[in-house]
Amino acid sequence: MGDNGMLDKPLTPNSSATTVTVGTDAFKGSSSWDAIAKNCVFNVPDGTWKNYAAYTADNTKTWTYLDQFYNEGNLHETSTLTVGAKGYATYYNDYGYVLPEGLEGYVFAQNADGTQTMTKQYAAGDSVTAKMALLIKATTASSDTQNFTVSANVNTTTKTAAWPDGLQNMLGGVQTESTFISWDTSDYTYYYYKLADGENGLGWYWGATDGGVFTLAAHHAFLAKNKTASAAKFLALNGTTIGIGKTMIEKRENDNVAYNLAGQRVNNSYKGVVIINGKKVIRK
């Protein structure tokens, strides 16, 4: 490093190295530090950004003066988004990011008749809201899987998921491998699906045999379907919509539970329009 604090040459790995190591206090006292942090993005491996902001018990920094990257909104975590050979995947991140080139992002809304509308919400280069779970579609066909790097800004203001308000997105997701938190465990109002290429082709399948919650890999999304419709174990992807065809519906015995149009379970004294076994009924 020169006397003015600028690097004499770019930090690049040599032929035998795959990473560059920056020593402790490497940037301490650099007169160009603010400009570096404002104009450069510091990428760290997925799930590690807090390691670069650690403090000792006496509040002494244990790292290399890289907090300025965080302050400037330029400390990012990178993860890999893998799209299968059929061109689809799911993705979720707690933090905001720019959708990589070659991808489109879709959300889902449940309609009153039990079908779902699939809507393109993001194009390549768009800024994706924090905590927005998406169905991802590759815009270029490939016979192999495609990997895309997502650089998520950990200093993006974390927002609440855009469901059930706002976009009415039926998708949710997890940041790390885990059993996700059900939206409504009190009366078990939803069926939960994962994107898979199964016996019915590519589509949404129950992740658990009873349609309940299940374990998801990091940065993956699930689909939650309101139980006002029958218990279809598979939902197909059909262009811009997915729906429940007659061949997909699997009736359950004694499934006569009634719901209002808001998806809330109601008792026999409720008057008005209710949904029973996926059909609208008027109670007077």
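Residues numbered from 1 in each chain as written. Predicted model: local features only at pLDDT ≥ 70, side-chain atom pairs only at ≥ 80, totals over all residues. Heavy atoms only, no water.

With that settled, consider the overall build of the protein chain. Scanning the protein chain from terminus to terminus reveals two helices and 21 strands. Considering the protein chain as a whole, with its 284 residues, one finds that 41% of them fall into the buried category. A separation of at least 24 residues holds for 67% of the contacts in the protein chain among residues at least 6 apart in sequence. As displayed, the protein chain offers around 15,600 Å² of accessible surface, 48% of which is attributable to carbon and sulfur atoms. (Helix = DSSP H or I, 4+ residues; strand = E, 2+ residues; numbered from the N terminus. Buried < 20%, exposed > 50% of the residue type's maximum accessible area, 1.4 Å probe, protein only. Contact = heavy atoms within 4.5 Å. Areas by Shrake-Rupley, 256 points an atom, 1.4 Å probe, with all protein chains shown as cover.)

What follows is about the environment of tyrosine 88. In this structure, tyrosine 88 sits in strand 3 (residues 88–91). Linking tyrosine 88 and lysine 137, residues 49 residues apart in sequence, is a C-alpha distance of 4.6 Å. What tyrosine 88 contacts, discounting residues up to four positions off in sequence, is Val83, Met118, Leu135, Ile136, Lys137, Leu195, Leu202 and Leu237.

Turning our eyes to something else, we now look at the side chain of asparagine 93. Tracing the backbone through its elements, the reader meets asparagine 93 in the loop between strand 3 and strand 4 (96–98). One polar contact links asparagine 93 to tyrosine 91, side chain to side chain, over a distance of 2.8 Å. Of the polar contacts made by the side chain of asparagine 93, one reaches the backbone nitrogen of tyrosine 95; its length is 3.0 Å. Those residues in contact with asparagine 93 that sit more than four places away from it in its chain are Ser79, Ala130, Lys131, Met132, Ala152, Gln175 and His219. (Polar contact = N/O pair within 3.5 Å; in protein donor to acceptor, adjacent residues only side chain to side chain.)

A positive phi angle, near 65°, is found at lysine 131, a position not held by glycine. For lysine 131, the position within the fold is in the loop between strand 7 (127–128) and strand 8 (134–138). On the basis of relative accessibility, which here comes to 28%, the residue lysine 131 falls in the partly exposed class. In the Ramachandran plot, histidine 219 falls in the positive-phi region, its phi being about 65° despite a non-glycine side chain. Residue placement: histidine 219 occurs in the loop between strand 14 (215–216) and strand 15 (221–226). Accessibility expressed as a relative area gives 6% for histidine 219, which makes it buried.

What follows concerns the environment of serine 151. Inspection of the secondary structure puts serine 151 in strand 9 (residues 146–153). Overall, the relative accessible area of 26% leaves serine 151 in the partly exposed class. Sequence separation between serine 151 and leucine 99 is 52 residues, and the spatial gap between their C-alpha atoms is 9.0 Å. Setting aside chain neighbours within four positions, we find serine 151 in contact with Val41, Asn43, His76, Glu77, Thr78, Gly96 and Tyr97. For serine 151, the side chain forms a polar contact with the side chain of asparagine 43, separated by 2.9 Å. A polar contact of 2.7 Å, which involves the side chain of serine 151, links it to the side chain of histidine 76.

This paragraph deals with the packing of aromatic side chains. Counting across every chain of the model gives eleven aromatic pairs. Taking the centre distance of 5.9 Å and the plane angle of 65° together, the rings of tyrosine 192 and phenylalanine 222 count as edge-to-face. Of the two residues, tyrosine 192 is situated in strand 12 (residues 190–198) and phenylalanine 222 in strand 15; the sequence distance between them amounts to 30 residues. With respect to class, tyrosine 192 is no different from phenylalanine 222; both count as buried. (Phe/Tyr/Trp six-rings, centres within 6.5 Å; stacked < 30°, edge-to-face > 60°.)

Position of asparagine 200 relative to the elements: it lies in the loop between strand 12 and strand 13 (201–206). For asparagine 200, a relative accessible area of 45% translates into the label partly exposed. In this structure, the C-alpha to C-alpha distance between asparagine 200 and phenylalanine 234, residues 34 residues apart in sequence, is 7.8 Å. Residues contacting asparagine 200, with those up to four places away along its chain left out, are Tyr205 and Phe234.

Bringing the pattern of salt bridges into the picture now. Scanning the model with the defined rule gives two salt bridges in all. With a shortest N-O distance of 3.2 Å, glutamate 104 and lysine 120 are connected by a salt bridge. You can see glutamate 104 sitting in strand 5 (residues 103–110) and its partner lysine 120 sitting in strand 6 (residues 116–122), a full 16 residues away along the chain. Overall, glutamate 104 belongs to the buried group, its relative accessible area being 16%. The class for lysine 120 is partly exposed, based on a relative accessible area of 42%. (Salt bridge = Lys/Arg side-chain N within 4 Å of Asp/Glu carboxyl O.)

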